[in-house]
Amino acid sequence: MRIRKEQDFDEKDIEMIADVSDALAHPVRLRLFRYIMQCNKTMENVCNKDLVANFDYAQATISQHMKKLVQSGLIEVKKQDKFSYYYANLGILMQYINVTKRYSVI
């Protein structure tokens, strides 16, 4: 079986697929991301204390998982006064879905 030469993929696309896939690969991060998306949909602000209050995880655990989500680009952080608020970056999510679809087509 021959492997076709990759077309229409640059290193940036492959890195993005790997980063986002890695961020979504843990059940805790999926739950956190979904919760933030739902809160954003209803225009609710979400900060770290909200996540600690709604999930049965230590604050340090939540912070580590949020760091991974932020690094992947799936979550954006906006600082307001002394709080940091989290917002789902649906643009990155849709880009990930579209590039992954293109990548999976043989």
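The preceding data block contains the structure.
Numbers given to residues run from 1 along each chain, matching the order in which its sequence is written. Where totals are concerned, whole chains, interfaces and linings use all residues; where local detail is concerned, this predicted model gives features only for residues with pLDDT of at least 70, and gives and counts side-chain atom pairs only at 80 or more. Water and hydrogen atoms were dropped before computing side-chain values, which therefore reflect all heavy atoms in the structure.

Caption draft 1: The arrangement of the packing of helix H1 (residues 11-24) against helix H4 (residues 59-72) in detail. To get an axis, a line is fitted to the C-alpha atoms, and for a helix only the part in contact is used. The angle between two axes follows their N-to-C directions and goes from 0 to 180 degrees. Working definition: helices are DSSP H or I runs of at least four residues, strands are E runs of at least two. Numbering for both runs from the N terminus. Direction vectors running N to C along H1 and H4 enclose 155 degrees, while the axes themselves pass 9 Å from each other. Viewed along their axes, H1 and H4 adopt a mutual orientation that is roughly antiparallel. The way H1 lies across H4 gives a crossing that is left-handed. Residues Asp19, Val20, Asp22 and Ala23 of H1 pack against Lys68, Leu69 and Ser72 of H4. The nonpolar class holds Ala, Val, Leu, Ile, Met, Phe, Trp, Tyr, Cys and Pro. Asp, Glu, Lys and Arg form the charged class, and all remaining residues, Gly among them, are polar. Residue composition of the contact of H1 with H4, by class: three nonpolar, one polar and three charged. We call two directions roughly parallel when the angle between them is under 35 degrees, roughly antiparallel when it is over 145, roughly perpendicular when it lies between 65 and 115, and oblique otherwise. A clockwise turn of the near helix away from the far one marks a right-handed crossing, whereas an anticlockwise turn of less than a right angle marks a left-handed crossing. Any two residues having at least one pair of non-hydrogen atoms within 4.5 Å are treated as being in contact.

Caption draft 2: Spatial organisation of the environment of Asp19. Inspection of the secondary structure assignment puts Asp19 in helix H1. With a 1.4 Å probe rolled over the protein chains alone, any residue whose accessible area is under 20% of its type maximum counts as buried; one over 50% counts as exposed, and the rest are partly exposed. With a relative accessible area of 39%, Asp19 lands in the partly exposed category. Taking the C-alpha atoms as reference, Asp19 lies 11 Å from Ile92; in sequence the two are 73 residues apart.

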